Amino acid sequence: MLSRRRFFFRAAISTLAAQIGLHFRAAAQRLPTLHPNDSRAARAITINVNGVERTLTVEPRVTLLDALRDRLGLTGTKKGCDQGTCGACTVMVNGRRIDSCLTLAVMHAGDRVVTVEGIAQNGVLHPVQRAFITHDGFQCGFCTPGQIVSAVALLNEGKRLDRETIRTEMSGNLCRCGCYPHIVDAVLEAAGTS
Amino acid sequence: MNSFRYAKPSSPSAALTEFAGERGARYVAGGTNILDLMKIAVESPPLLIDINALPLTSIEVTGDAIHVGALARLTDVAENESVRTHLPLVAIALAQSASPQLRNMATIGGNLLQRTRCPYFRDTATPCNKRAPKSGCGALGGEIRREAVLGTSEHCIATHASDLAVALAALDATVHVTGLSGNREIALHDFYRLPGDTPHVETSLDPGELIVTVSLPLLSYGARSTYLKVRDRAQYDFALASAAVALDLSGGTIRQARVALGGVATIPWRLPQAEVLLRNAPATRDTFEQAADAALAEARGRGGNDYKIALAKRTLVRALEIATA
Ligand SMILES: Cc1cc2nc3c(=O)[nH]c(=O)nc-3n(C[C@H](O)[C@H](O)[C@H](O)COP(=O)(O)OP(=O)(O)OC[C@H]3O[C@@H](n4cnc5c(N)ncnc54)[C@H](O)[C@@H]3O)c2cc1C
Ligand code: SF4
Ligand code: FES
Ligand code: FES
């Protein structure tokens, strides 16, 4: 009979082996050997990100979110759910807020993207950013980049805002820490000052 | 997500040709449904055809209808002045769909073709006749709180998720499509297919056919209309029950009525029996309750979704009260 220790050791080894196998499979999937003209292969696209033309080489299946984070190193934009349900990945495309996890980078060749890194101008915080600090609009901060980009876009949309409409208009951004009342305070103040 | 070929044609005919050239190809518009399904391996097309370069974003008003391009974004239609003034039920249904971010992405055509949110459809480890024909139905005998009570079959009880489609069912909208064999118009009541024993066949579109325009008739009494959506959260959630209503009211009497239900049926559910009861009846709670009883007469719950029958009735009654207020 196997001793407990041997059993755990074997179990660990086989899990490890399975993980390595998976890893190789994933790697093989990531790097298919394709003819460069095959449109499955990575292609160069140019996107204007935070005012700078950025050329990057991506496979068609790379989401805008992954391109921003993994290819351009702009990790301010967060991946919460990866399925459109949380808003942590909110960026602006051509001035409008969207969820960057549900769109492909190749679909945005030639577009203007603004991420949370592009909200402050010349080192000066945007009124929304200042208001989030004043009103303590976050705890862990994971949802905050999405909240801020969403709020900046909301102010640009030019609607009349009160507490109730802010709650509705910010409903695409979930906060696991439940900072909603403070977020509403912050957006309300920014709406009055910007 | 699987690896795929990507094409971005600039005309409808080029898109149709691309589609015809690759078995299993899919179009992508806003991407909010197809890319989600690709991530969870419910869809894995070898070719994704991005239709965003097609000139189909306009919203045009003619004498008798508002013609909405298939690529118009939900936000733009919801905020369009003509839609808001003449067809508030459409504006409200859209404004209450998904989130502001998703509405900036999602298109009218894609919204009508979105797939069900049935959790078993979305889980490739469970059987599902809609996803894998003849594999069985994971929902029957499973967790069915969100499943349908109208239009179901022994093969599928999945709820149709679109809010817009419910408003369009009430309105009798027309879907204009183009395919390799030409253009045609499909009335909304012919557009969706009941699951029956082929739940994987959801619409009367032929493979590859593109939605070009959706025409919203300017119903003479469209201004007196509303959409009421009941859900677990106040915002950013699918309907548990919803009602689209439009009423022609004069002196406390209903002359004409259009009513449809959402969140409770396998396809957007127009209610002809209820409309007959409402016609020429006094606009009273009694009338509304009779209409609601008739509307749900054929509903069938299966335990976990029984509550939807009462909920749908109340939703319809309240929507009628709002529209007559
Ligand atoms: C978190 C979340 C919440 C949501 N809440 C709601 C809600 O409350 N109410 C609601 O109604 N919806 C809701 N949705 C669904 C959303 O509205 C749809 O995903 C969206 O409308 C689909 O449009 P799209 O342009 O993004 O479609 P895509 O994902 O691009 O396409 C969807 C399907 O339609 C096909 N297609 C697209 N355009 C055309 C065309 N012109 N001709 C032929 N085929 C076409 C595609 O091939 C694909 O099969 C929600 C989605 C998410 C992710
Ligand atoms: S209800 Fe329909 S979609 Fe859901 S598991 Fe059954 S067959 Fe699939
Ligand atoms: S990560 Fe995109 S919405 Fe959650
Ligand atoms: S601050 Fe933690 S999720 Fe919002």
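Look above for the structure.
Since the structure is predicted, the reported quantities are computational estimates derived from the model, not experimental observations.

Asks: Just to check I follow, could you spell out the overall build of chain B for this structure?
Replies: Secondary structure assignment for chain B yields 12 helices and 13 strands. What you see for chain B is a C-alpha radius of gyration of 19 Å, in line with the 20 Å of a compact globule of 325 residues. Looking at chain B alone, contacts between residues at least 24 apart form 64% of all its contacts between residues at least 6 apart. Of the roughly 12,600 Å² of accessible surface on chain B, 50% is carried by carbon and sulfur atoms. Charge-centre separation for chain B: the mean point of 33 positive side chains lies 4 Å from the mean point of 32 negative side chains.

Asks: What should I look at first to understand the overall build of chain A in this one?
Replies: Each helix and strand counted, chain A has six helices and five strands in total. When the elements of chain A are put in sequence order from the N terminus, they spell out α-β-β-α-β-β-β-α-α-α-α. Going through the 194 residues of chain A one by one, you find that 42% of them count as buried. Partitioning the contacts of chain A with sequence separation of at least 6, the portion at a separation of at least 24 is 54%. When the accessible surface of chain A is summed, it comes to about 10,500 Å², and 55% of that surface belongs to carbon and sulfur atoms.

Asks: Explanation requested: the interface of chain A and chain B in the structure shown.
Replies: As a measure of interface size, the accessible area lost when the parts come together is often cited. Across the contact, 35 residues belong to chain A and 32 residues belong to chain B. Buried area between chain A and chain B, both sides added, is near 2,600 Å², and the carbon and sulfur share of it is 53%. When the area that chain A buries against chain B is broken down by residue, the three leading residues are A:Arg96, A:Leu102 and A:Met107, summing to 26%. For the pair chain A and chain B, the number of links is three salt bridges. A salt bridge links A:Lys159 to B:Glu79; its shortest N-O distance comes to 3.6 Å. Joining chain A to chain B, the criterion identifies 10 residue pairs in polar contact (both at pLDDT 80 or more). The set of elements that each furnish at least two residues to the side of chain A that touches chain B consists of β4 (96-99), α4 (144-157) and α5 (163-169) of chain A. The element best represented in the side of chain A that touches chain B is β4(A), accounting for four residues. Of the residues contributing to the side of chain A that touches chain B, the split by class is 10 nonpolar, 13 polar and 12 charged.

Asks: What's the story with helix α1 (residues 12-20) of chain B in this structure? I'm lost.
Replies: One full turn of an α-helix is made of 3.6 residues, so residues set three or four places apart face in the same direction. Residues and elements named next belong to chain B. Those residues of α1 that fall on the buried side of the exposure criterion are Ala 15, Leu 16 and Phe 19. The arc enclosing the buried residues of α1, seen along the axis, measures out at 100 degrees, which places them on a common side. The secondary structure elements touched by the buried residues of α1 are β2 (26-28), β3 (47-50), β6 (174-179) and β8 (210-217).

Asks: I tried to follow empty space enclosed by the protein on my own but got confused; where do I start?
Replies: The gaps left among the atoms become clear once a water-sized probe is rolled over them. Residues and elements named next belong to chain B. The final tally for this structure, using the stated rule, is two cavities of 30 Å³ or more. There is about 90 Å³ of room inside the largest cavity. Lining the largest cavity are 15 residues, and of these Cys 118, Cys 128, Cys 137, Cys 156 and Ala 158 sit closest to its centre. When the residues that make up the lining of the largest cavity are grouped by side-chain class, the tally is 10 nonpolar, three polar and two charged. Put simply, the second largest cavity is a space of about 40 Å³.

Asks: I tried to follow the site of ligand 1 on my own but got confused; where do I start?
Replies: Residues and elements named next belong to chain B. Neighbouring ligand 1 are 33 residues; Tyr 27, Ala 29, Thr 32, Thr 107 and Asp 163 lie closest to it. Between ligand 1 and the protein, one listed contact pairs an oxygen atom with a backbone N or O atom of Ala 98 at 3.0 Å. Protein contact buries 96% of the 980 Å² of open area that ligand 1 shows by itself. Going through the elements one at a time, β2, α7 (108-112) and β8 are the ones with two or more residues in the shell around ligand 1.

Conventions used here
- Residues numbered from 1 in each chain as written.
- Chains lettered and ligands numbered in written order.
- Predicted model: local features only at pLDDT ≥ 70, side-chain atom pairs only at ≥ 80, totals over all residues.
- Heavy atoms only, no water.
- Helix = DSSP H or I, 4+ residues; strand = E, 2+ residues; numbered from the N terminus.
- Rg over C-alpha atoms; globule rule 2.2 N^0.38 Å.
- Contact = heavy atoms within 4.5 Å.
- Areas by Shrake-Rupley, 256 points an atom, 1.4 Å probe, with all protein chains shown as cover.
- Lys, Arg positive; Asp, Glu negative; His and termini not counted.
- Charge placed at Lys NZ, Arg CZ, Asp CG, Glu CD.
- Buried < 20%, exposed > 50% of the residue type's maximum accessible area, 1.4 Å probe, protein only.
- Buried area = accessible area lost by both parts, 1.4 Å probe.
- Salt bridge = Lys/Arg side-chain N within 4 Å of Asp/Glu carboxyl O.
- Polar contact = N/O pair within 3.5 Å; in protein donor to acceptor, adjacent residues only side chain to side chain.
- Nonpolar A, V, L, I, M, F, W, Y, C, P; charged D, E, K, R; others polar.
- Arc of directions from axis to C-beta.
- 1 Å grid on protein atoms, 1.4 Å probe; cavity = no way out; pocket = protein on both sides within 12 Å on 5 of 7 lines; lining within 4 Å.
- Points joined across faces, edges and corners; volume = space filled by probe spheres on them.
- Near = heavy atom within 4 Å.

Function cannot be inferred from these measures alone, as they are strictly geometric.
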